[in-house]
Each structure stands twice: as C-alpha cells, then as structure tokens.
Amino acid sequence: MCPSLLAPCPLPSMWQLYPGRRYRGSDSSFWRIVYHIEFSGKEDMLLEQLPDPEGE
C-alpha cells in the first residue's frame, strides 16, 4: 500500500533502540523503520509495528 494512503496513528512519545534495528516505544510496543527519507529539511518515514516478542 502506498504510504500516502495509510492513515496516521498515534506514536509513542519516547523511543529506545534495541538489537536487530528495532525500536521500543514508551508504551512497550516494538517498531521498525520501513522507509525513511530526508529532503530539503523535511522528513518522511514509514514505521511498521512489530508483534510483541514476549507474546510469541
């Protein structure tokens, strides 16, 4: 799906880098960066929420 068609969702206010290039949010959710670009001082980013590793 094209990123412009995705609805924005609330994101955690703080992030911590974890092994495997994953990020853990202040709400204990795990994310990875799928797409990131910076152009002319503006950034565009697509994040994917990962399943809880303890729930597997």
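As recorded in an unreviewed UniProt entry, the protein goes by the name T-cell leukemia/lymphoma protein 1A, listed as coming from Neovison vison. Recorded under Sequence similarities (unreviewed entry), the UniProt text for the protein is reproduced unchanged: "Belongs to the TCL1 family."

*Asks:* Mind showing me how you'd approach the packing of aromatic side chains here?
*Replies:* A ring pair, where both rings are aromatic, is described by two values, the distance of the centres and the angle of the planes. Tallied over the entire structure, the rule returns two aromatic pairs. On the numbers, 5.9 Å between centres and 75° between planes, the contact of Trp 15 with Trp 31 is edge-to-face. Residue Trp 15 is found in strand 1 (residues 15-18), and its partner Trp 31 is found in strand 3 (residues 30-39); the two are separated by 16 residues along the sequence. For Trp 31, a relative accessible area of 6% translates into the label buried.

*Asks:* What's the story with a nonpolar patch on the surface in this structure? I'm lost.
*Replies:* Nonpolar side chains collect at one region of the surface, where Val 34, Tyr 35, Ile 37 and Phe 39 lie side by side and expose about 400 Å² of accessible area between them. Following the sequence through the fold, Phe 39 ends up in strand 3.

Procedures and definitions
- Residues numbered from 1 in each chain as written.
- Predicted model: local features only at pLDDT ≥ 70, side-chain atom pairs only at ≥ 80, totals over all residues.
- Heavy atoms only, no water.
- UniProt positions renumbered as here; feature names shortened; annotations may be inferred.
- Phe/Tyr/Trp six-rings, centres within 6.5 Å; stacked < 30°, edge-to-face > 60°.
- Helix = DSSP H or I, 4+ residues; strand = E, 2+ residues; numbered from the N terminus.
- Buried < 20%, exposed > 50% of the residue type's maximum accessible area, 1.4 Å probe, protein only.
- Patch = residues over 30% accessible without salt bridge, like charges linked within 9 Å, V, L, I, M, F, W, Y side chains within 5 Å.
- Areas by Shrake-Rupley, 256 points an atom, 1.4 Å probe, with all protein chains shown as cover.
- Salt bridge = Lys/Arg side-chain N within 4 Å of Asp/Glu carboxyl O.

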